[in-house]
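# Structural overview for review
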There are 2 protein chains.
Amino acid sequence: MSDYVNVAVDAMGGDHAPEEIVRGAVEAVNVDSRVKVFLVGRKGPVEEELKKYSYPQAQVEVVNAEEVIDMAEPPVMAIRRKKDSSIVKALNLVREGVCDAYVSAGSTGATLVGGQVIVGRIKGVERPPLAPLIPTENGVALLIDCGANVDARPSHLVQFAKMGSVYMEHVVGVKNPRVAIVNIGAEEEKGNSLVKETFPLLKNCPEINFTGSIEARDIPAGGADVIVCEAFTGNVILKLYEGVGAVMMKKIKGGMMSSLRSKIGALLVKPALKQTLKAFDTKEYGGAPLLGLKGLVVKTHGSSGSVEIKNSVLQCIAFKEQNINEKIKEKITLED
Amino acid sequence: MSDYVNVAVDAMGGDHAPEEIVRGAVEAVNVDSRVKVFLVGRKGPVEEELKKYSYPQAQVEVVNAEEVIDMAEPPVMAIRRKKDSSIVKALNLVREGVCDAYVSAGSTGATLVGGQVIVGRIKGVERPPLAPLIPTENGVALLIDCGANVDARPSHLVQFAKMGSVYMEHVVGVKNPRVAIVNIGAEEEKGNSLVKETFPLLKNCPEINFTGSIEARDIPAGGADVIVCEAFTGNVILKLYEGVGAVMMKKIKGGMMSSLRSKIGALLVKPALKQTLKAFDTKEYGGAPLLGLKGLVVKTHGSSGSVEIKNSVLQCIAFKEQNINEKIKEKITLED
């Protein structure tokens, strides 16, 4: 194997593929000499895009894949049938050990299914959760699980808490991360049956820094570093973050354009405002890892541009160098 | 009985009781001659507050209640033991038919429990949902249930959809309101087991205008008028709305204060911005009805000021005049 951190990138996935995907991959290798990108997709169009840029040739390789899995395709069927698709071929590179990680802005379903079926779970991991970083008032928090496993059981949530702690500590760099479970009240006796069963398990788990329940209101304020929840709830949280943010921005713009006075003011506040609000955009944090697999599988937003792709590729470096999967394995099996 | 719409107001409930509660009640009777308010609470302090204002004497009555139920008290116990509390006495006024409606900014738990135990459910209603209005881009939507019944069953959600439709159509005035169920994808096969079981029931329900699934992202944009969900999810939605809004406002203010240029701009945009964002504040819509009870029970935000109290009292008028409970009864029993 090479010394690079090898990342298989689905060049055909997402709203802006292959243009933005190729561009993001090139940007990543241009800023970091430790990473090599395998662009998986239709050779012709991908090489056409690559011609636009200059980059260290040794750090980019194109792997041909003729098929594309559509966003709307039923994932299980798509993974089984489209053996020559960019998603299946890219995941196979991880399975075979050619690549350490996989990044895709394409079908979430196909990535979730393919990640489990092709790459496979770490021994002991019951369910791999999808765990995006979401912005908070002064930083980020890990939302785990946000869509991989609906109707999860308490034991799954405990594993999410452990895996999330490893990720926040060693990839994001938050020491002794505060773990909380999403609940509808701060008291221990509150909650639905899943939360009530999970709470004592988390409380008695010595490997994590469990701080109790967190109400949704306190998530944006930064009330915890690892936000544990069942996938349905997590998905609602992630998407509502986006939805409320988008409508508020629209309202603010509308408000600013409502009078001559405010229009002049808008010109003056715009640059400062843009920067502040960028920090509160969920898309800025790009890749959500599907934790607990034998390689790193990262799903980025379907609307990802080159910046998100670049960031997703670069986050694979810390993941490999910090040996995250070994650390997850240790933490998971400790109590088995 | 009198011709007034008689509203029992918990004068002791909420962060700003009794001052703001009394003030809101007075404001309500001063703008509408159809309503009479029964202020339930400690006679001394309440009358002390009343002295500050002028108002039509016939429209305000003070009902003494010596006890107060604390926000933190276990609700079932509190309702059972504190017979002379403002909440219990106010709810009893509704039970006895002296009042048509009840408004409180106090303990949510005590109002939910007391509403069911003291006022009682309409025949046929399995579980009464708490249903606040939340702001959307161009109006409001009804979020039902947002905290009364965790771990609800599909049949409960169908009743929520029916009751919510009646409320949106006849109290808020949205003709043929669009009903959607909160889900993690737009397709019918998506969802957790509760949603998957409920979806076909809603689809086959002729009394509502069911439009399918709604993703959380599309709620703020106004994708539906009646947002049906289980209480845990609804509570997360309501509180995250508040949380994201609050942090974004803070970020915006911070961004505007970051340079001299932006500070000057901020002065110019402030008035326009304030008005726009006020329309997107969940607290502005004040009272959440607990639907399906024999009288109208309204819970307003704990931090309610006089405006929210006034609005909550005034909303009771449409509720009574439109004969909402009769309409709910009809719709619920239609299929039993």
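Described in the following lines is the structure provided in the data block. Quick caveat: nothing in here was measured; it's all calculated off a predicted structure.

### A few points about unusual backbone geometry
- Put simply, Ala17 of chain B and Pro18 of chain B share a cis peptide bond, and its omega is -5 degrees.
- The topology assignment puts Pro18 of chain B in the loop between β1 (5-10) and α1 (19-31).
- Omega for the peptide link from Ile144 of chain B to Asp145 of chain B comes to 10 degrees, which places this bond in the cis form.
- Checked against the element boundaries, Asp145 of chain B lands in the loop between β6 (139-144) and α6 (154-172).
- Phi is positive for Asn176 of chain A, which is not a glycine, with a value near 45 degrees.
- Along the chain, Asn176 of chain A turns up in the loop between α6 (154-172) and β7 (178-183).

### Section: the relation of the copies chain B and chain A
- Superposition record for chain B on chain A: RMSD 0.1 Å, screw rotation 180 degrees, translation along axis 0.0 Å. Taken together, the rotation and translation relating the two chain copies correspond to the operation of a two-fold axis. Looking at the rotation axis and the C-alpha trace of chain B, the residue lying nearest is Gly265 of chain B, at 1.9 Å.
- Looking at the interface residues of chain B, 100% of them are also at the interface in chain A, so both copies use one shared face.

### Examining a positive patch on the surface
All names here are of chain B.
- A contiguous patch of positive charge on the surface is contributed by Arg80, Arg81, Lys83, Arg95, Lys123, Lys294 and Lys329.
- With respect to the secondary-structure elements, Arg81 resides in helix α3 (residues 75-81).
- Judged by relative accessible area, which is 62%, Arg81 ranks as exposed.

### Remarks on the interface of chain B and chain A
- Taken together, the 51 residues of chain B in the interface contact 51 residues of chain A.
- Scanning the region where chain B abuts chain A turns up 6 salt bridges.
- Two residues, Lys239 of chain B and Glu215 of chain A, come together in a salt bridge whose shortest N-O distance is 2.3 Å.
- Linking chain B to chain A there are 16 residue pairs in polar contact (both at pLDDT 80 or more).
- Sorting the residues of the side of chain B that touches chain A by element identifies β7 (178-183), α7 (193-203), α8 (231-256) and α9 (260-278) of chain B as the ones contributing at least two each.
- With 20 residues, the top contributor of residues to the side of chain B that touches chain A is α8 of chain B.
- Of the residues belonging to the side of chain B that touches chain A, the class tally is 28 nonpolar, 14 polar and 9 charged.

### Observations regarding the nonpolar core
- Leu39 of chain A together with Leu39 of chain B are the most contacted members of the largest nonpolar core, which has 230 residues in total.
- Each residue touching Leu39 of chain B, except ones within four places of it in the same chain, is listed here: Val9, Ala11, Val22, Ala25, Val46, Leu50, Val60, Glu61, Val62 and Val63 of chain B.

### As for the packing of aromatic side chains
Residues and elements named next belong to chain A.
- On inspection of all chains with the given rule, the structure shows 4 aromatic pairs over all chains.
- When the ring of Phe199 is compared with that of Phe210, the centres are 5.2 Å apart and the planes differ by 75 degrees; the resulting orientation is edge-to-face. Taken together, the residues span a long stretch of sequence, with Phe199 in helix α7 (residues 193-203) and Phe210 in strand β8 (residues 209-215) at a distance of 11 residues.
- Residue classification places Phe210 among the buried positions, given a relative accessible area of 16%.

### Let's talk about the environment of Gln315 of chain A
All names here are of chain A.
- As for its position among the elements, Gln315 is in helix α10 (residues 306-321).
- It is 17 Å that separates the C-alpha atoms of Gln315 and Lys327, two residues lying 12 residues apart in sequence.
- In this view, Gln315 contacts Tyr167, Gly287, Pro289 and Val298; residues no more than four positions away in its chain are not counted.

### Looking at the sheet that holds strand β5 (residues 133-136) of chain B
All names here are of chain B.
- Strand order across the open sheet formed by 5 strands is β5-β6-β9-β7-β8, with mixed pairing between neighbours. Across the chains shown, the open sheet's two edge strands, defined by having one partner strand only, are β5 and β8 (209-215). For this sheet, the mean inter-axis angle between neighbouring strands, taken without regard to orientation, is 35 degrees.
- With 3 bridges joining them, β6 and strand β9 (residues 226-228) adopt parallel strand pairing. Following the sheet pairing, Leu143 is matched in β9 by Ile227.
- Sitting on the sheet, α7 touches β7 and β8, and the angle it makes with β7 is about 170 degrees.

### So, α1 of chain B
- Over its 13 residues, α1 of chain B extends 19 Å from the first C-alpha to the last, a length consistent with the 18 Å expected when each residue adds 1.5 Å.
- If you follow the buried residues of α1 of chain B, they end up packed against β1, β2 (35-41), α2 (43-50), β3 (60-64) and α10 (306-321) of chain B.

Here is what the cut-offs are and how they apply
- Residues numbered from 1 in each chain as written.
- Chains lettered and ligands numbered in written order.
- Predicted model: local features only at pLDDT ≥ 70, side-chain atom pairs only at ≥ 80, totals over all residues.
- Heavy atoms only, no water.
- Helix = DSSP H or I, 4+ residues; strand = E, 2+ residues; numbered from the N terminus.
- Least-squares fit on C-alpha atoms with pLDDT ≥ 70 in both.
- Contact = heavy atoms within 4.5 Å.
- Patch = residues over 30% accessible without salt bridge, like charges linked within 9 Å, V, L, I, M, F, W, Y side chains within 5 Å.
- Areas by Shrake-Rupley, 256 points an atom, 1.4 Å probe, with all protein chains shown as cover.
- Salt bridge = Lys/Arg side-chain N within 4 Å of Asp/Glu carboxyl O.
- Lys, Arg positive; Asp, Glu negative; His and termini not counted.
- Charge placed at Lys NZ, Arg CZ, Asp CG, Glu CD.
- Buried < 20%, exposed > 50% of the residue type's maximum accessible area, 1.4 Å probe, protein only.
- Polar contact = N/O pair within 3.5 Å; in protein donor to acceptor, adjacent residues only side chain to side chain.
- Nonpolar A, V, L, I, M, F, W, Y, C, P; charged D, E, K, R; others polar.
- Core = buried A, V, L, I, M, F, W, Y, C linked by side-chain atoms within 4.5 Å.
- Phe/Tyr/Trp six-rings, centres within 6.5 Å; stacked < 30°, edge-to-face > 60°.
- Pairing = 2+ DSSP bridges.
- Axes fitted to C-alpha atoms, helices over the stretch in contact; angles between N-to-C directions.
- Expected span 1.5 Å × (residues − 1).

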